[in-house]
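Observations on the model geometry
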Amino acid sequence: MDFSSFKFEPALQEGLDAMGFEQPTPIQEKAIPVILEEKDLIACAQTGTGKTAAFILPVLNKICESGSSTLNTLILAPTRELAIQIDQQIQGFAYFLGISSIPVYGGGDGVVWEQQKRALETGAEIVVATPGRLIALLAGGKINLDTLQHLILDEADRMMDMGFSDDILKIVNYLPKKRQTILFSATMPPKIRQFSMKILHQPEEISIAIGKTAEGVTQSFYSVYDTQKVDLVKHILSQKAYEAVIIFASTKENVKNLFKALKRGFDVEAFHSDLEQVEREKIMSAFKNKAVKILIGTDIISRGIDVVGIELVINYDTPSDPEDYVHRVGRTARADKEGEAITFVNPKDQYKFVRIENLIGMEVTQNELPEGLEAGPVYSREPKKSSGPKNKNRKPNFKKKGSKPASKPHHKPKQAPPAQNPSPQTKPAGSKKPGRFGPRKNVVEE
Ligand code: AMP
């Protein structure tokens, strides 16, 4: 199937051609016809599957057909990063259409607030908003949603988790009763289903590989002590001249500490909630332009970033929520690209990783720690009886082959070497033994 079967308006098809979109992804194949038919829709699709285009393209086509320039579509997203990303995709597709969109999100300074208000006065066919900021604009009478025909909720599960349910219901009260409502979510827990019953009307349902990580991602993990993690990250990053890597840590303290440990030898930036919006945008755009090669962040970046060509995602800390794993890993292998995801699992996080394996429906390949690092903890998928190994507080332990364990590591951060040794990180140089479950590339079924 190719995009021509949707019979989009020529100017939209031109935009698709310009962006190099040839074939629809499975979620696009299923969702676009339903949205074109004006039906309400609940779609379960993870990031990286092309879900954004799945709802943007049919809506743009309808706006184009109608020829109207009033506010037509409201897209709600949980984070400003995601709102900006959606807005950018709209601008790409709508390049030849003369349709405009406005991102509306909180957190910026007074200048951003003024810009958003002015943009709304000028008018646009599409508004992409985070719920909190939109409520503020509605309360101030700065935006009128009477002409709205489509409401789209993106990452609905994350919006629920962030406590936006009431805000969304309040926003819905401002909308015309007769409208098309589309809800996209990476997961479909009962609370989403119950919520959707309040705002959707006889929706069609589509599901693409719930809880599965995107195809094309090679996933593996290391069983490590916390004290080994920094050296292991340095080792992995030194295996190849990476152009785009994201490292996820669980807290902003871990992000900051890892940033300090890596900043001397690597081209790295930290992204966390203590940064001003302007700084966040600067870092994100530097990362997108490949001016910064490695981005360390909390889950704040796991959903709202769309950078094509991320080669490697490292979970420096095992995510507590298995669904966060799917989102983090979804940062790589976007659409038909290949990517790699490596997770560090410390003894107390082993049970979390088992839950992740259960959600994604596969056993992930374990890597041997590279030569120079002492043995890591034994990884077990069985429920724990004791509370873990006794020597977990030992010092970092990179050591030379054949030498005694060094009490102080002499381990200079390395510059990323030229790519003469582009061995995959799943089997780092020096790792002679195959992984615990064999060096297979993971196959993810739908
Ligand atoms: P999403 O799941 O919406 O975050 O999209 C993931 C990435 O895939 C984005 O970079 C899109 O631009 C890209 N993409 C989406 N659909 C297609 C397609 N049909 N062909 C090629 N790339 C696509």
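One can find the structure itself at the top, above this paragraph.
Before going into details, it helps to say that this report is about the structure given with it. (Residues numbered from 1 in each chain as written. Predicted model: local features only at pLDDT ≥ 70, side-chain atom pairs only at ≥ 80, totals over all residues. Heavy atoms only, no water.)

Here we take up the packing of helix α8 (residues 165-173) against helix α9 (residues 190-199). α9 packs onto α8 with a crossing angle of 15° between their chain directions and a minimal axis gap of 11 Å. As judged from the angle between their axes, α8 and α9 are roughly parallel. Crossing angle aside, the handedness with which α8 passes α9 is right-handed. Facing Ser 165, Ile 168, Leu 169 and Val 172 of α8, the residues of α9 in contact are Phe 195, Lys 198 and Ile 199. Residue classes in the contact of α8 with α9 are distributed as 5 nonpolar, 1 polar and 1 charged. (Axes fitted to C-alpha atoms, helices over the stretch in contact; angles between N-to-C directions. Helix = DSSP H or I, 4+ residues; strand = E, 2+ residues; numbered from the N terminus. Parallel < 35°, antiparallel > 145°, perpendicular 65-115°, else oblique. Left-handed = near helix turned anticlockwise from the far one by under 90°. Contact = heavy atoms within 4.5 Å. Nonpolar A, V, L, I, M, F, W, Y, C, P; charged D, E, K, R; others polar.)

All right, on to the nonpolar core then. Counting residues in hydrophobic clusters, the biggest one holds 39 residues, and the most contacted among them are Leu 41, Leu 57, Leu 60, Ile 86 and Phe 184. Within the residue set of this core, elements represented by two or more residues are α1 (10-18), α2 (26-36), β1 (41-44), α3 (51-66), α4 (80-93), β4 (126-129) and β6 (180-185). Counting residues per element, this core draws most heavily on α3, which supplies 8 residues. Those residues in contact with Ile 86 that lie beyond four places of it in its chain are Thr 52, Phe 55, Ile 56, Ile 75, Ala 77, Val 128 and Asp 154. Listed in part, the 34 residues of the second largest apolar core include Leu 134, Leu 138, Ile 168 and Phe 195. (Core = buried A, V, L, I, M, F, W, Y, C linked by side-chain atoms within 4.5 Å. Buried < 20%, exposed > 50% of the residue type's maximum accessible area, 1.4 Å probe, protein only.)

All told, the structure shown has 17 salt bridges when counted by the stated rule. Of the charged contacts in the structure, one is a salt bridge between Glu 37 and Lys 39, with a shortest N-O distance of 2.8 Å. As a salt-bridge pair, Glu 81 and Arg 280 come within 3.2 Å of each other at their nearest N and O atoms. Of this pair, Glu 81 sits in helix α4 while Arg 280 sits in helix α12 (residues 277-288), and the two are 199 residues apart along the sequence. (Salt bridge = Lys/Arg side-chain N within 4 Å of Asp/Glu carboxyl O.)

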